[in-house]
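As a plain string of letters, each chain reads:
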Amino acid sequence: MSELTQSSAPRRFIGGQLLGSSQLVLGVILAVLCIAISIAAPQFYSEANIIAILRQCALVLIVASGMTMLIITAEVDLSVGASLAFVGCIGMAVLNSTHSLTLGLLAALVFSGAVGLFNGLVVTSLKVNSLSATIGTMMMLQGGVYLFTREAVQNHHRLAGFTDLGAGYIGAIPLPVVVAAVIFALAAATLRFTTLGRYLYAVGANERAVRLSGVRSQRLKLFAFVVTGLCVGVAGMILSSLMNAGQPTAGRGFELTVIAAVILGGTSLLGGRGSLLGTLLGVLVLKVIDNGIIILGWNQDLQMVVPGIVIILATYLDIVRNRANVG
């Protein structure tokens with residue numbers, strides 16, 4: 001246990017200082033973006049537009065909460081976008097056949113959790129690199145969803161509870177935002193205040209030391225994969241509610257946005273460092289940019305360009321942070 005403490009504590013201390021500064025920078029960037037867009041398009045601060053931004057942020061934040069925990073363990077899941085689309089189709093099909101919201105949600109969570117478990121087992125048991133493993137899963141899901149359905153699974157059940165998943169409110173707050181806030185809070189509390197959270201950081205910082213301390217690092221990674229999968233299940237059902245259908249193409253590019261937000265928020269691809277507050281700021285920055293592109297009337301293809309640029313810049317900053325840690 002002493003090796004675990006000695007090897008990971010200094011890195012977390014220095015990383016914490018750097019994370020704090022990066023979060024401050026992100027906060028400033030977010031404020032500047034909001035001011036600049038509102039000057040160019042005053043409707044940016046309209047109630048309808050703010051609610052639209054919050055709903056879009058909620059979908060990304062739900063999955064990014066799990067992805068942050070996973071990347072902290074030095075693994076990644078590129079299959080979340082394909083899984084998101086498949087989840088919506090399965091959930092809608094079960095809803096249509098059973099007219100039960102509970103069974104529809106349960107089917108979505110079982111499927112998405114199973115995808116996360118599969119990814120985790122491939123990585124931890126077969127020792128396949130998570131990048132290669134989840135690319136393979138992504139391809140299987142993208143093809144599999146068309147074997148399951150050749151077209152969108154339309155809403156034939158008309159359950160009010162299902163509509164509320166995406167369009168409902170709790171007081172003045174959209175329901176997806178409430179769900180995202182709960183998942184975010186649970187994940188943040190786990191990372192910040194529990195032994196499990198400390199071990200997740202430790203396995204990313206120095207997996208060998210974790211194993212020598214008697215902790216099964218593979219189980220920690222498996223846990224992070226399953227949690228990420230379950231988060232995809234929740235987001236997939238909310239998205240299908242918003243679209244009122246299960247769309248086989250719904251998740252294309254979603255994984256890039258999620259990973260870009262997590263990396264932009266300061267979580268290291270090498271593992272051992274990151275925070276959900278940074279992830280939240282990363283999500284807000286990306287979605288405010290997306291919204292600005294729309295309301296300013298720019299080419300919407302830029303919404304795919306921006307995450308790519310962000311991933312490159314954020315990865316470079318991650319390299320700089322790691323060099324600072326070594327120094």
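Here the structure is a predicted model, which means the values were calculated and not measured. (Residues numbered from 1 in each chain as written. Predicted model: local features only at pLDDT ≥ 70, side-chain atom pairs only at ≥ 80, totals over all residues. Heavy atoms only, no water.)

Trainee: Before we go on, may I ask you to explain the overall build of the protein chain in this structure?
Mentor: A count of helices and strands for the protein chain gives 13 helices and four strands. For 327 residues, the compact-globule estimate of 2.2 N^0.38 gives 20 Å, and the C-alpha radius of gyration of the protein chain, at 20 Å, lies within 12% of that figure. Projecting the C-alpha coordinates of the protein chain onto the three principal axes gives extents of approximately 60 × 50 × 35 Å. Taking all 327 residues of the protein chain together, 53% fall into the buried category. For the protein chain, long-range pairs separated by at least 24 residues make up 80% of all intrachain contacts whose partners lie at least 6 apart in sequence. With an accessible surface of roughly 14500 Å², the protein chain has 68% of that area assigned to carbon and sulfur atoms. (Helix = DSSP H or I, 4+ residues; strand = E, 2+ residues; numbered from the N terminus. Rg over C-alpha atoms; globule rule 2.2 N^0.38 Å. Buried < 20%, exposed > 50% of the residue type's maximum accessible area, 1.4 Å probe, protein only. Contact = heavy atoms within 4.5 Å. Areas by Shrake-Rupley, 256 points an atom, 1.4 Å probe, with all protein chains shown as cover.)

Trainee: Where do I start with the state of the cysteines in this structure?
Mentor: Should the sulfur atoms of two cysteines be covalently bonded, the bond is a disulfide. According to the stated counting rule, one finds zero disulfides in the structure shown. Cys34 takes part in no disulfide bond, and the closest cysteine sulfur to it belongs to Cys57, at a distance of 9.8 Å. There is no disulfide at Cys231, and the cysteine sulfur nearest it, in Cys57, is 16 Å away. Residue Cys231 is classed as buried on the basis of its relative accessible area, which comes to 7%. (Disulfide = S-S within 2.5 Å.)

Trainee: Looking at this structure, how should I read the packing of aromatic side chains?
Mentor: Aromatic ring pairs are defined here through the distance separating the ring centres and the angle between the ring planes. Summed over all chains, the structure comprises three aromatic pairs. With a centroid separation of 5.1 Å and an interplanar angle of 70°, the aromatic rings of Phe44 and Tyr45 are classed as edge-to-face. A centroid spacing of 5.8 Å and a plane angle of 50° characterise the contact between Phe86 and Phe148, whose relative ring orientation is tilted. Here Phe86 is found in helix H3 (residues 80–98), whereas its partner Phe148 is found in helix H5 (residues 130–148), with 62 residues between them in sequence. Taking relative accessible area as the criterion, Phe148 reaches 42% and is therefore assigned partly exposed. Members of the aromatic cluster, connected to one another through ring pairs, are Phe86, Phe111 and Phe148. (Phe/Tyr/Trp six-rings, centres within 6.5 Å; stacked < 30°, edge-to-face > 60°.)

Trainee: Teacher, can you tell me more about unusual backbone geometry here?
Mentor: Across the chain, the bulk of peptide bonds are trans and the bulk of non-glycine residues have phi less than zero. Backbone geometry at Ala74 places phi at a positive 75°, although glycine is not the residue there. Topologically, Ala74 is positioned in the loop between helix H2 (47–72) and H3.

Trainee: Can you walk me through H5 in this structure?
Mentor: Every α-helical turn comprises 3.6 residues, leaving residues that sit three or four positions apart pointing alike. In this model, H5 (19 residues) spans 26 Å end to end at C-alpha, consistent with the 27 Å of a helix rising 1.5 Å per residue. Looking at the buried side of H5, the elements it contacts are H3, helix H4 (101–124), helix H10 (217–243) and helix H11 (254–264). (Expected span 1.5 Å × (residues − 1).)

Trainee: Sorry, what's going on with the packing of H4 against H5 here?
Mentor: When two helices pack together, their arrangement is given by the angle between the helix axes and the distance between those axes. With their axes 9 Å apart at the nearest point, H4 and H5 run at an angle of 145° to one another. For the pair H4 and H5, the sense of crossing is right-handed. Counted together, Phe111, Val115, Phe118, Asn119, Val122 and Val123 of H4 and Ser130, Ala133, Thr134, Thr137, Met140 and Leu141 of H5 form the full contact between these two elements. The residue inventory of the contact of H4 with H5, partitioned by class, reads eight nonpolar, four polar and no charged. (Axes fitted to C-alpha atoms, helices over the stretch in contact; angles between N-to-C directions. Left-handed = near helix turned anticlockwise from the far one by under 90°. Nonpolar A, V, L, I, M, F, W, Y, C, P; charged D, E, K, R; others polar.)

Trainee: How do you make sense of the layout of surface pockets when you look at a structure like this?
Mentor: Which parts of space are left empty comes out when a probe the size of a water molecule is rolled across the atoms. Roughly 690 Å³ of internal volume is contained in the largest pocket. Lining the largest pocket are 27 residues, with Gln56, Phe254, Lys287, Asp290 and Gln303 sitting closest to its centre. Looking at the lining of the largest pocket, the elements with two or more residues in it are H2, H10, H11, helix H12 (276–295) and helix H13 (302–326). The element best represented in the lining of the largest pocket is H2, accounting for seven residues. In terms of residue class, the lining of the largest pocket is built from 14 nonpolar, nine polar and four charged. (1 Å grid on protein atoms, 1.4 Å probe; cavity = no way out; pocket = protein on both sides within 12 Å on 5 of 7 lines; lining within 4 Å. Points joined across faces, edges and corners; volume = space filled by probe spheres on them.)

Trainee: Quick question: what am I supposed to make of empty space enclosed by the protein here?
Mentor: Within this structure, the stated rule accounts for one cavity of 30 Å³ or more. Estimated volume of the largest cavity: approximately 40 Å³. What lines the largest cavity is simply Leu84, Ala85, Gly88, Gly236, Leu239, Ser240, Met243, Ala245, Gly246, Gln247 and Ala250. Broken down by secondary-structure element, the contributors of at least two residues to the lining of the largest cavity are H3, H10 and strand S4 (245–246). In terms of residues, the lining of the largest cavity owes the most to one element, H10, which gives four residues. Grouping the constituent residues of the lining of the largest cavity by class yields six nonpolar, five polar and no charged.

Trainee: I tried to follow the packing of H2 against H11 on my own but got confused; where do I start?
Mentor: Where H2 meets H11, the axes come as close as 9 Å, and the angle between the chain directions of the two elements is 60°. The pairing of H2 with H11 is recorded here as oblique in orientation. The two elements H2 and H11 cross, and the hand of that crossing is right-handed. Contacts between H2 and H11 involve Leu59, Val60, Val63, Ala64, Met67, Thr68 and Ile71 from the former and Phe254, Thr257, Val258, Ile259 and Val262 from the latter. Split into classes, the residues belonging to the contact of H2 with H11 amount to 10 nonpolar, two polar and no charged. (Parallel < 35°, antiparallel > 145°, perpendicular 65-115°, else oblique.)

Trainee: Looking at this structure, I do not really get the confidence of the model for the protein chain. What am I missing?
Mentor: Summarising the model, the protein chain shows a mean pLDDT of 91, and 93% of its residues fall at 70 or more. Looking over the protein chain, one finds the lowest element-wise mean pLDDT in helix H1 (residues 2–40), namely 69, and the highest in H4, namely 98. Across residues 5–15 the pLDDT falls below 50, and counting only partners more than four positions away or on other chains, this stretch makes 17 contacts in the model. (pLDDT = per-residue confidence, 0-100.)

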